[in-house]
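Coordinate inspection notes
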Amino acid sequence: MIKLGAHVNSVDPGIFYWKQNGILMGILACHVDDMIWGGNEHFKVNIINKLKETFKFGSEEVETFTYIGISLTQNSDFSIDITQEPYINSIKEIPLTKDQMKNRDKTLSDQEKTSYRSLVGQLNWVSGISRPDISFVVCEASTKFKNATIADIISLNKTIKKLKSTKSFIKFPSLDKESLRLQLFTDASFNNLPNGGSQGGQIIFLADAKNNVCPIYWKSSKVKRVVRSTIGAETLALSEGCDIALFTNKLISEIIYKNKIDLCITAYTDNQSLYDAINSMKQTSEKRLLLDISALREMVECSEVKITWINGEKQVSDILTKAGAYSSMIL
């Protein structure tokens, strides 16, 4: 990690990569006055050292360091572990009196709402970086800003206890560049949100032929429209997931393969009815789904995505769509 001198007021956030003769030399990311990079000696000499000649740099760290609240460790096998344990330990619960605990349905005061919003923001940062297992709780909490109650604070306090009692990290192994592929898991919970809303979840893994794998994207959010069935929620979650996976594929292809190779994308759903609808001309009773299913069917026919049915016990994105889901498969 390289920290720019305090005299630099701002650096536009962004990620940059440098290629020479079509070969990736290195990647650099900036956030305000912090910068992190990885690359070969050529990248260090021609990019990093020239930046040092132009800007005054502060501290510089390698292998084990903290970058914008994320602790990173590069291991001897070139794998990288990330965790947010120090940041998580700094998060404090919202204190509640005994009287407040007895009146759980009471709407929060303005001051309590401010504390509630702040805590949701902190937990959202954690869920998006290193703890996908709390993504649903955070997403659900963010929909209650206007009408949050003491019970909602209690729920967030329990989430903090969970984070601090279940230590975890994400490992990015050294992957075989010649056999990379994408694995997409999508799931949805029907009608488990206010006003008939459903929760959808997607998680994308980058894997190789040696079964090395790491998560590179996950999302837990309200399904984009109210649907009338489980297959409706599952269809929209899968459709959005496939769009994200195709976009991710293009990014990787551009950075690593000079746009000459597309990765194989396999999407996993545990909804048998959706799988059957995609692989046959069987129609659903919810006519609005026909376009979404037709789009998924076209992706399969064009070999853009392979869609596979799996047993619900193997659906790792389940933790993104409901509270209390079993998370040991991913943590």
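An account of the accompanying structure is given in this report. Numbering of residues starts from 1 in each chain and follows the order in which that chain's sequence is written. Residues qualify for local features only when their pLDDT is at least 70, as the model is predicted, and side-chain atom pairs are given and counted only at 80 or more; totals for whole chains, interfaces and linings, by contrast, use all residues. Side-chain figures throughout are based on the complete set of non-hydrogen atoms in the structure, without hydrogens or water.

1. Comments concerning the sheet that holds strand β9 (residues 170–172)
To keep it simple, the criterion reads: DSSP bridges decide pairing: two strands pair if at least two such bridges lie between them. Going along the chain from the N terminus, every DSSP run of H or I of four or more residues is numbered as a helix, and every run of E of two or more is numbered as a strand. Where helices are involved, their axes are fitted lines through C-alpha atoms of the stretch in contact, as for all axes, and angles between N-to-C directions lie from 0 to 180°.
In space, the 4 strands of this open sheet follow the order β6-β7-β8-β9, with antiparallel pairing throughout. Looking along the sheet, the strands with just one partner apiece sit at the ends: β6 (64–67) and β9. Strand-to-strand twist of the sheet, defined as the mean angle between neighbouring strand axes without regard to direction, takes the value 25°. Judged from the 3 bridges that link them, strand β8 (residues 80–83) and β9 form a sheet pairing that is antiparallel. The residue bridging Ile80 from the neighbouring strand is Phe172, located in β9.

2. Brief notes about the packing of helix α7 (residues 230–257) against helix α9 (residues 289–301)
Applied cut-off: Convention used here: angles under 35 degrees read as roughly parallel, angles over 145 as roughly antiparallel, angles from 65 to 115 as roughly perpendicular, and any remaining angle as oblique. By convention the crossing between two helices is left-handed if the near helix lies anticlockwise of the far one by an angle smaller than a right angle, and right-handed if it lies clockwise. Contact criterion: two residues are considered in contact whenever any of their non-hydrogen atoms come within 4.5 Å of each other.
Packing of α7 against α9 leaves a shortest axis separation of 10 Å and a crossing angle of 40°. Viewed along their axes, α7 and α9 adopt a mutual orientation that is oblique. Here α7 runs over α9; the crossing is left-handed. Together, Ile231, Gly232, Thr235, Leu236, Leu238, Ser239, Cys242, Asp243 and Leu246 of α7 and Leu289, Asp292, Ile293, Leu296 and Met299 of α9 make up the contact between the two elements.

3. Regarding α9
Because an α-helix packs 3.6 residues into every turn, residues spaced three or four apart end up facing the same way. The criterion, for reference: Expected span, for any helix, means 1.5 Å times one less than how many residues it has. Exposure classes here rest on a 1.4 Å probe applied to the protein chains alone. A residue is buried below 20% of its type maximum, exposed above 50%, and partly exposed in between. Here the arc refers to the set of directions running from the helix axis out to each C-beta atom.
Under the 1.5 Å per step criterion, the end-to-end length of α9 is 18 Å for 13 residues, consistent within 8% with the ideal 18 Å. Taken residue by residue, α9 has Leu289, Asp292, Ile293, Leu296, Arg297 and Met299 as its buried positions. Looking straight down α9, one finds its buried side chains confined to an arc of 155°; they lie on one side. Seen from the buried face of α9, the exposed residues on the opposite side, beyond 90 degrees, are Leu291 and Glu301. For α9, the secondary structure elements touched by its buried residues are α7, α8 (272–278) and β14 (306–309). Ser303, located one to two residues past α9, shows a positive phi value of around 60°.

Keep in mind that these numbers describe shape and distance, not what the molecule does.
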